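One letter stands for each residue in the lines below.
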Amino acid sequence: MFHNFYWKRKGLPPGPTPLPLFGNVFEINRVGLEPFFHGIKEKYGDIHTFWFGEKPVVCINDVPTILETFIKDGETYSGRPLDMMVTDMSRHGRNGLIFIDGPRWIEQRRFALRFLRDIGMGKNLMQERVLDEVSILIESIKAKIDKGEKEINLQNIIEIAVASVINAILFGYGFSKNKQEEFYQLKEYLHDFMQGIGNPLVRFCDRNPFMYKLLPWIYKDVTRTSNQLCDFFMKQINSHIAEIDFDGHGDPTDYVEAFLRKKKELENEGIIDHTFSDKQLFGACLDLWIAGQETTSNTLSWLVIYLMNNPEVQKKFHSEIDQIIGSDRFITLEDRSQLHYVNAVIAETQRFCNLVPLNVNQRVIKDVEINGYKIPANTTILHQISTVHFDERYFPEPTKFKPERFLDSNGKFTQSVNLMPFGVGKRACLGEGLARLEIYLFAVNIFNHFEISVVQSNPPNTTRIAAGSVQPLPFVTKITPRL
Ligand code: HEM
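Since the structure is predicted, the reported quantities are computational estimates derived from the model, not experimental observations. Along each chain, the written sequence defines residue order, and numbers are assigned to residues from 1. Per-residue local features of the predicted model are confined to residues with pLDDT of at least 70, and side-chain atom pairs are confined, for both listing and counting, to 80 or more; whole-chain, interface and lining totals are unaffected and use all residues. The side-chain values count all of the structure's non-hydrogen atoms but skip hydrogen atoms and water molecules.

Asker: Just to check I follow, could you spell out the packing of aromatic side chains for this structure?
Answerer: Centre-to-centre distance and the angle between the planes together describe a pair of aromatic rings. Centre distance within 6.5 Å is the pairing criterion for rings of Phe, Tyr and Trp, where only the six-membered ring of Trp is used; planes under 30 degrees apart are then read as stacked, over 60 as edge-to-face, and the remainder as tilted. Applying the stated criterion to the full structure yields 29 aromatic pairs. Taken together, a centroid distance of 6.1 Å and an interplanar angle of 80° make the contact between Phe36 and Phe50 edge-to-face. Of this pair, Phe36 sits in helix α3 (residues 33–44) while Phe50 sits in strand β1 (residues 47–52), and the two are 14 residues apart along the sequence. Under the relative-accessibility criterion, Phe50 is labelled buried at 0%. Ring pairs connect the aromatic residues Phe111, Phe115, Tyr255, Phe259 and Phe276, which therefore count as one cluster. Every helix listed is a DSSP run of H or I at least four residues long, and every strand listed is a run of E at least two residues long, numbered separately from the N terminus. Only protein chains enter the area calculation, which uses a 1.4 Å probe; residues under 20% of their type maximum are buried, those over 50% are exposed, and those in between are partly exposed.

Asker: Before we go on, may I ask you to explain the environment of Val417 in this structure?
Answerer: Relative to the elements of secondary structure, Val417 occurs in the loop between α16 (385–388) and α17 (432–449). Residues Val417 and Glu404 lie 13 residues apart in sequence; the distance between their C-alpha atoms is 16 Å.

Asker: Sorry if this is basic, but what is going on with the nonpolar core here?
Answerer: General note: in soluble globular proteins, nonpolar side chains tend to be found buried as a group. Take the buried Ala, Val, Leu, Ile, Met, Phe, Trp, Tyr and Cys residues and link them wherever side-chain atoms come within 4.5 Å; each set so joined is a nonpolar core. If you look at the biggest cluster of nonpolar residues, it comprises 118 residues, and the most contacted ones within it are Phe50, Tyr255, Trp289 and Phe442. For this core, the leading source of residues is helix α13 (residues 278–309), giving 16 residues. Contact criterion: two residues are considered in contact whenever any of their non-hydrogen atoms come within 4.5 Å of each other. With near-sequence residues (within four places) excluded, Trp289 lies in contact with Ala163, Ile166, Asn167, Leu170, Phe171, Phe175, Phe183, Leu186, Leu190 and Phe233. Of all hydrophobic cores here, the second largest spans 24 residues; its members include Val368, Ile375, Ile385 and Leu419.

Asker: Please explain the sheet that holds strand β3 (residues 362–363) as it appears in this structure.
Answerer: Remark on secondary structure: sheet strands pair via backbone hydrogen bonds, oriented parallel or antiparallel. Two strands qualify as a pair provided that DSSP identifies no fewer than 2 bridges between them. Taken in spatial order, the four strands of this open sheet run β1-β2-β6-β3, and their pairing is mixed. Since the sheet does not close on itself, it has two edges, and those belong to β1 and β3, each with one partner. Relative to strand β2 (residues 55–60), β1 runs antiparallel, the two sharing six bridges. Bridged to Phe50 within β2 is Val57.

Asker: Sorry, what's going on with helix α15 (residues 340–353) here?
Answerer: To estimate how far a helix should reach, multiply one less than its number of residues by 1.5 Å. A rise of 1.5 Å per residue sets the reference length of α15, with its 14 residues, at 20 Å; its end C-alpha atoms lie 20 Å apart and thus fit the reference within 8%. Asn354 occupies a position one or two residues after α15 and carries a positive phi of about 40°.

Asker: How should the site of the ligand be read in this particular structure?
Answerer: One heavy atom within 4 Å of a molecule or strand is enough for the residue carrying it to be called near that molecule or strand. In the vicinity of the ligand, 29 residues are found, and the nearest of them are Arg80, Arg109, Gln362, Arg427 and Cys429. The side chain of Arg109 places a nitrogen or oxygen atom 2.7 Å from an oxygen atom of the ligand. Of all the secondary structure elements, the ones that give two or more residues to the shell around the ligand are α6 (102–118), α13 and α17. Top contributing element to the shell around the ligand by residue count: α13, with six residues. For the purposes of these results, a polar contact is taken to be a pair of N or O atoms within 3.5 Å, where, inside protein, one atom must be able to donate a hydrogen and its partner to accept one; residues adjacent in sequence count only when each atom of the pair is a side-chain atom.

Written as structure tokens, this is what we have:
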């Protein structure tokens, strides 16, 4: 009792009292992820601690301290937790991009970023890929309207388009034209997997592996869903391995090809001390898929819901596009700097949908002192994006959807340091450039072509389904062509 209620908590920031072995997991489960984290911020302040079983997690909730720690001293905060059993099991060891750290992470993050930059992240080549999908998406909506569909499920169409972009980047092909069945199968696997790992009980067991002995069905379920995903990705990787022509001279066109070429290059140079293994390739594909699909398509789905529920915002959105573009041509990155209201709506959507209820856990790699609290090396720590986005100090009237908060007195879009949907510091989102490009191109082109409104008999339910990211419930829309 002394150990649990006093000794293990000594020196750490305050927080809800943990139960022995379980920590605060039952409370999180009972209250829900989002209300729990907002509640403990209100009660215990900007720096607090909660417990996943026997492991403390220190959360930083105010912008000045986040900047002082995660940005100014980024290196110290760049670790990932040491014990992550489910994570390791689903990636065949500590592989991938999200949960690795140290030299493996430095080499692999650099490689992935360079690849994304090379194929045009934020530049034209990438834009062309996204615009291909935008064009298929617009045609498929038009086909539904022509067929007389009155209630269109835009969420499904967005999901397949976003999935096609990331799949093309990883494996060289999209799903929208003739591989829809494959997408729905993969989506089901991913959904099962994400539901599993988003479950607070699994997160808790992940950090306290001995608990799997008491809750064996949890381990079994996550193993089943991760094996399904593994089979899918390994099929793609193996077919690349079978077909790749190492003597070819063109630039690689997808991630798997770039990775296999790099591996071969290192082998040819006689370098054996590298991290380009087949397991690492599988882990990276899994991470890029997981991180790149649901996040972006959920953000776009929320944007559609907010513009349906706020017709006056949609009207202003349309009127800016009409004024600056005024035709059915593709709206591209080149137009972006003129579309101030569009940018403000996207920024407010990212704040308001507050996609990540609990940021990815990080680890301090050495002892640190934050605002008088002594945090020992290897403690799990994170900056809590979700409370920052709803903090009155940074966003007055946070529960209102107000794009104007991102416009200055001249109506020009202004970035805010307080808006951090992609996280900050060394571990900030690796796909930020791609995600920003996708959200902008899909949103602005969809709304250029269509007016989207609520089906009065079946309005969208704005209940938030919080797991790894926050998903809206399925909804339908009434779509009217504008051009
Ligand atoms: C709206 C879309 C997205 C949002 C809101 C988002 C948000 C985030 C957040 C909050 C993190 C954790 C940052 C931290 O640890 O502090 C993250 C990490 C990551 N994201 Fe994203 N993300 C999005 C899209 C994407 C896309 C499209 C990709 C892939 C191309 C991607 C790949 C990754 C990866 C690989 C990491 C781990 C980076 C590392 O640990 O070094 N994300 N993302």
